[in-house]
Amino acid sequence: MVVINRAMETARLRRENSSLRRGGDRVADMLGQSAAFKRLRDALDKVARSNGRVMLAGEPGTGRRAPRAISTRTARARRRLSSPSPCHDRARAHGGGAVRPRIPERGIEPGLLEQAHGGIIYFDEVGDMPMGTQPKILRVLTEQQFVRAGGADKVRVDLRVLSSTNRDLVAEIAAGRFRQELFDRLNVVPIAVPSLADRRDDIAALARHFIEQFHKNQGLTPRDLPEETVAALQSMRWPGNIRQLRNVIERVLILAESHGPILPSELEPQGPRRTTATR
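Given the structure is predicted, the values throughout are model-derived calculations rather than measurements. (Residues numbered from 1 in each chain as written. Predicted model: local features only at pLDDT ≥ 70, side-chain atom pairs only at ≥ 80, totals over all residues. Heavy atoms only, no water.)

Caption draft 1: Structural detail: the overall build of the protein chain. Helix and strand counts for the protein chain come out as ten helices and six strands. Residues counted as buried form 44% of the 279 residues belonging to the protein chain. Roughly 15,400 Å² of accessible area belongs to the protein chain as shown, and the carbon and sulfur atoms make up 51% of that amount. (Helix = DSSP H or I, 4+ residues; strand = E, 2+ residues; numbered from the N terminus. Buried < 20%, exposed > 50% of the residue type's maximum accessible area, 1.4 Å probe, protein only. Areas by Shrake-Rupley, 256 points an atom, 1.4 Å probe, with all protein chains shown as cover.)

Below, the structure is given as structure tokens:
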């Protein structure tokens, strides 16, 4: 019983920590005042007032959590909703988001479409959807009904569909890896999610947000971010976008040798040094 209780407590703490991290990331994804971010926010406000199908496209790490922002502004937010996950895994149930079905190779997980009835279903990284699953999803979107596995009766569903991708789906269609009909069904309102390079004015606010989150969630000592360090962050390349910025801030706080302001020199990667063998 002691071992079981310890295991349950460890699992609970891990769930709480994971939830806190996801919550901090969601705030960061919708934080900013740059012109590019304001255009994104304006577009999200407009689509939230409709039931149109939205496809978000952006680089990896840009924080394509906009479906949560849409779901909280739409009338469907008042109905039963569940929280999101990518197209190639299982989904976790949670209140206040969109159903985000993770789709294994054999097809969509049973019950998720019914959970999303009257609400929103979100296909994250839709470009990773297996070819065998695509016609099944297309059929559901076309007919707004499906047959349960092992059953014969058709189940009608009322769904709003949101999706996201970091792939060039036009190229995927040309290569035969994505169905044109499914793309046409999902891509009614395309929205581009800007990269961090397009919103450098937001880097300071995002970095300070991550400093605060790591202090709250991990107990890391908060440190000031002087203007010269902000300038250094804004001049860096960010192929990993917001996720990369978050990792840099976490590394700097973990490896800190003082509690003083973060110096530009600390932003450099601290990889293992090469040694030259001597005879």
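Caption draft 2: Representation of the confidence of the model for the protein chain within the structure. For the protein chain, per-residue confidence averages 78 on the pLDDT scale, and 67% of positions sit at 70 or higher. Contacts of residues 78–100 to residues separated by more than four positions or lying in other chains number 78 contacts, the stretch itself having pLDDT below 50. (pLDDT = per-residue confidence, 0-100. Contact = heavy atoms within 4.5 Å.)

Caption draft 3: Representation of the nonpolar core. If you look at the biggest cluster of nonpolar residues, it comprises 22 residues, and the most contacted ones within it are L233, L245 and I249. For this core, the secondary-structure elements that each account for two or more residues are helix 8 (203–218), helix 9 (227–235) and helix 10 (241–254). Considering every element that reaches this core, the biggest residue donor is helix 8, with seven residues. Apart from residues no more than four positions distant in its own chain, L233 is found in contact with R200, I203, A207, L225, W238, L245 and L267. Within the second largest apolar cluster, 19 residues are counted, among which are I121, M129, L138 and V157. (Core = buried A, V, L, I, M, F, W, Y, C linked by side-chain atoms within 4.5 Å.)

Caption draft 4: Highlighting helix 8. With 16 residues, helix 8 extends 22 Å from end C-alpha to end C-alpha; this agrees with the ideal 22 Å at 1.5 Å per step. Of the residues making up helix 8, those classed as buried are I203, A204, L206, A207, H209, F210, I211, Q213 and F214. Positive phi shows up at G219, right after helix 8, with a value of about 75°. (Expected span 1.5 Å × (residues − 1).)

Caption draft 5: Looking closely at the pairing of strand 5 (residues 159–165). For strand 5, a buried count of seven out of seven residues is recorded, marking the element as mostly surrounded by other parts of the structure. Alternating residues of strand 5 divide into L159, V161, S163 and T165 and R160, L162 and S164, and every residue in both groups is buried. By the bridge criterion, four bridges tie strand 1 (residues 54–57) to strand 5 in an arrangement that is parallel. Across the sheet, residue V54 finds its bridge partner in strand 5, namely L162. Relative to strand 5, strand 2 (residues 119–123) runs parallel, the two sharing five bridges. Counted as the bridge partner of F123 is S163 from strand 5. (Pairing = 2+ DSSP bridges.)

Caption draft 6: Quick look at the environment of I211. With respect to the helices and strands, the residue I211 is situated in helix 8. Separated by 13 residues in sequence, I211 and D224 have C-alpha atoms that sit 8.8 Å apart. If we skip the residues at most four places from it in the chain, I211 touches P222, R223, L225, I249, L253 and I262.

Caption draft 7: The packing of helix 8 against helix 9, seen in detail. Following both chains from N to C, one finds helix 8 and helix 9 inclined at 110°, their axes separated by 10 Å at the closest point. Compared by their axis directions, helix 8 and helix 9 come out roughly perpendicular. Handedness of the helix 8/helix 9 crossing: right-handed. Where helix 8 abuts helix 9, its residues I203, A204, A207 and R208 lie against E227, V230, L233 and Q234. Its residues assigned to classes, the contact of helix 8 with helix 9 shows five nonpolar, one polar and two charged. (Axes fitted to C-alpha atoms, helices over the stretch in contact; angles between N-to-C directions. Parallel < 35°, antiparallel > 145°, perpendicular 65-115°, else oblique. Left-handed = near helix turned anticlockwise from the far one by under 90°. Nonpolar A, V, L, I, M, F, W, Y, C, P; charged D, E, K, R; others polar.)

Caption draft 8: Highlighting the pattern of salt bridges. Enumeration according to the criterion identifies seven salt bridges in this entry. Its salt-bridge partner being D128, residue R167 comes within 2.8 Å of it at the nearest N-O pair. Placement of the pair is R167 in the loop between strand 5 and helix 6 (169–174) and D128 in the loop between strand 2 and helix 5 (134–143), with a sequence separation of 39 residues. Its salt-bridge partner being K216, residue E212 comes within 3.1 Å of it at the nearest N-O pair. Of this pair, E212 and K216 both sit in helix 8, separated by four residues, roughly a single helical turn. Within this structure, D128, R167, E172 and R177 form a network of salt bridges that share partners. (Salt bridge = Lys/Arg side-chain N within 4 Å of Asp/Glu carboxyl O.)

Caption draft 9: Structural detail: the sheet that holds strand 5. An order of 2-5-1-6 is seen for the four strands of this open sheet, with the pairing classed as parallel. Two strands in the sheet have a free side with no partner beyond their single neighbour: strand 2 and strand 6 (189–192). Going across the sheet, the axis of each strand differs from the next one's by a mean of 20°, ignoring polarity. Contacts between helix 2 (residues 35–48) and the sheet are confined to strand 1, strand 5 and strand 6, with strand 6 contributing the most and set at about 155° to the helix.

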